[in-house]
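Fold and contact review
Here's the letter readout for the chains.
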Amino acid sequence: STPEIDGSRLSRHCFARSRLPTPTHDTMKLKVVSRSGKVLFPDGLEVKDSATTDDLKAAFHKIKRKYYPTRQRFTLQVPPGAPPKTRGTPLTAGKSLSKDYGLADGSTVVFKDLGPQVPYAVVFLAEYAGPMLCYLPFFFMRREIYGGFLGMKGADEPAHVSQQLACAFHTAHYLKRILETIFVHHFSNDTMPIFNLFRNCGYYWGFASFISYFINHPDYTPVGETQMMAGFGISALMQLGNLHCHIYQASLRSDGSKAYKEPKGGLFKVVTCANYCCEIYQWVGFNVATQSAMGWIFIACGAAQMAEWANAKHRRLRKLFPGFKRPFKLLPPFY
């Protein structure tokens, strides 16, 4: 005989089934390739649909422990048919992979190893403390270095007032930089390649040593008093201007944000990179006062680098803020 079906039990069974959770897909697998096109994860790298660039880096680091997040850089693939020099869009920290970049399951991102990193603050402190310490022995140990070690005559003579002021201004400049690094600066990036530490220190430490060697040399001939005072006056004024620029720039990120903001106050109304402007003219004043050939070479190299940075920053600000315009990029009234 046909078994009876319990209607109430069947009804409860169907109702229970209807309340089972519907499977959801809240993750996606991204194809991660190197710049040469090599696939780094054969099965893809799994992240949440809501993942940000930071989450992607954390997931990558979890599998490949060598590449800590600050060592990683991800970009989108260059679209097919793009011009040869087209670069992939970089994935910015805090941005959503799906909402901001349109990434979905199966999408491809390109990984670049930035190499061993070192905190920005460490680099700044090393490259600024070094020059200050490299300069001082040639001033305070003139008799031992020039007279005793190098056997030069005149090392026992007292330092000229221009040599004294040069030491004070040089020390004050780098002491200001150290204090700004500790108390003022907000860095847009946490780290930089460790190679930069050696390159920057070599540049600053080497030039400081040569500048000090020649300024404190027993055969050094000081400039006239008017030229000296005018040069140091310009240097002092520009150092204060540079400090004001840095404090103003820090105020733009007082909320902790690392996003770019348009600088509109103070000298930034006139010059795109007002902080670089003051930096260059500060050294111009110092060199006018000391007539240091190595000092002129030092600031010529520095100005060339800052001009490159100023051009890049000017282009970036024009792209980010439509209508951005300044009379000068770097050095009024010339450029």
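Residues numbered from 1 in each chain as written. Predicted model: local features only at pLDDT ≥ 70, side-chain atom pairs only at ≥ 80, totals over all residues. Heavy atoms only, no water.

Scanning the protein chain from N- to C-terminus turns up 9 helices and 6 strands. Its C-alpha atoms give the protein chain a radius of gyration of 30 Å, more than 25% over the compact-globule value 20 Å for 335 residues. Along the first, second and third principal axes, the C-alpha atoms of the protein chain reach 125 × 50 × 40 Å. For the protein chain, buried positions account for 41% of its 335 residues. (Helix = DSSP H or I, 4+ residues; strand = E, 2+ residues; numbered from the N terminus. Rg over C-alpha atoms; globule rule 2.2 N^0.38 Å. Buried < 20%, exposed > 50% of the residue type's maximum accessible area, 1.4 Å probe, protein only.)

Quick look at the side chain of Gln-117 now. Looking at the secondary structure, you find Gln-117 in strand S5 (residues 117–119). A polar atom in the side chain of Gln-117 sits 3.2 Å from the backbone oxygen of Leu-114. Those residues in contact with Gln-117, other than ones at most four positions away along the chain, are Tyr-68, Thr-70, Arg-71, Thr-191, Met-192, Pro-193 and Ile-194. (Polar contact = N/O pair within 3.5 Å; in protein donor to acceptor, adjacent residues only side chain to side chain. Contact = heavy atoms within 4.5 Å.)

Our focus in this paragraph is the nonpolar core. Membership of the largest hydrophobic core comes to 48 residues, with the highest contact counts inside it found for Tyr-174, Ile-211, Phe-232, Ile-280, Phe-286 and Phe-298. Breaking this core down by element, the ones donating at least two residues are helix H3 (120–140), helix H5 (161–183), helix H6 (194–215), helix H7 (225–251), helix H8 (274–290) and helix H9 (293–320). Counting residues in hydrophobic clusters, the runner-up holds 20 residues, among them Leu-40, Phe-41, Leu-56 and Leu-91. (Core = buried A, V, L, I, M, F, W, Y, C linked by side-chain atoms within 4.5 Å.)

This part takes up the sheet that holds strand S1 (residues 27–34). If you trace the 4 strands from one edge of the open sheet to the other, you get S2-S1-S4-S3, paired in mixed fashion. Since the sheet does not close on itself, it has two edges, and those belong to strand S2 (45–48) and strand S3 (72–76), each with one partner. Mean inter-strand twist for the sheet, computed between neighbouring axes without regard to direction, equals 40 degrees. Bridge analysis of S1 against S2 gives 4 bridges, and the strand direction is antiparallel. Across the sheet, Thr-27 pairs through a bridge with Lys-48, a residue of S2. Packed onto the sheet, helix H2 (residues 53–63) meets S1, S2, S3 and strand S4 (108–113) and runs at close to 140 degrees relative to S2. (Pairing = 2+ DSSP bridges. Axes fitted to C-alpha atoms, helices over the stretch in contact; angles between N-to-C directions.)

Before going further, it helps to examine H8. The α-helix winds at 3.6 residues per turn, so residues separated by three or four positions along the chain end up facing the same way. Helix length check: H8 (17 residues) gives 24 Å between terminal C-alpha atoms against 24 Å at 1.5 Å per residue, within 8%. In terms of burial, H8 is a largely internal element, 14 of the 17 residues being buried. Just downstream of H8 lies Gln-291, where phi reads positive at about 55 degrees. (Expected span 1.5 Å × (residues − 1).)

What follows deals with a nonpolar patch on the surface. Together, Leu-125, Leu-175, Leu-179, Ile-182 and Phe-183 line one region of the surface with nonpolar side chains, adding up to about 480 Å² of accessible area. In terms of residue count, the dominant contributor to the nonpolar patch is H5 (4 residues). Within the secondary structure, Leu-125 is located in helix H3. (Patch = residues over 30% accessible without salt bridge, like charges linked within 9 Å, V, L, I, M, F, W, Y side chains within 5 Å. Areas by Shrake-Rupley, 256 points an atom, 1.4 Å probe, with all protein chains shown as cover. Salt bridge = Lys/Arg side-chain N within 4 Å of Asp/Glu carboxyl O.)

Looking now at the side chain of Thr-52. Assignment of secondary structure puts Thr-52 in the loop between S2 and H2. Once you skip the residues sitting within four places of it in the chain, Thr-52 turns out to touch Gly-94, Lys-95, Ser-96 and Leu-97.

The subject of this paragraph is the confidence of the model for the protein chain. Confidence in the prediction of the protein chain, expressed as mean pLDDT, is 91, and 93% of residues score 70 or more. Model confidence for the protein chain, summarised as mean pLDDT per element, is weakest for helix H1 (residues 7–18) at 46 and strongest for H8 at 98. Taken together, the stretch residues 13–24 has pLDDT below 50 and engages in 0 contacts with residues farther than four places along the chain or on a different chain. (pLDDT = per-residue confidence, 0-100.)

Right, let's talk about the environment of Ala-104 for a bit. Examined against the element boundaries, Ala-104 turns out to sit in the loop between S3 and S4. Each C-alpha atom of the pair Ala-104 and Leu-30 lies 7.5 Å from the other, and the pair is 74 residues apart in sequence. Ignoring any residue separated from it by four or fewer positions in sequence, one finds Ala-104 in contact with Met-28, Lys-29 and Leu-30.

Regular strands place side chains that alternate from one sheet face to the opposite one. Where burial is concerned, most of S3 is hidden: 4 out of the 5 residues are buried. Here 5 bridges tie S3 to S4, and the two strands are oriented antiparallel to one another. Each residue of the ladder has a partner; that of Phe-74, found in S4, is Phe-111.

Okay, the pattern of salt bridges next. With the rule as written, the count across this model stands at 6 salt bridges. Between Glu-262 and Arg-326 there is a salt bridge whose closest N-O contact spans 3.3 Å. Residue Glu-262 is found in the loop between H7 and H8, and its partner Arg-326 is found in the segment after H9; the two are separated by 64 residues along the sequence. Judged on exposure class, the residue Glu-262 and its partner Arg-326 are both buried.

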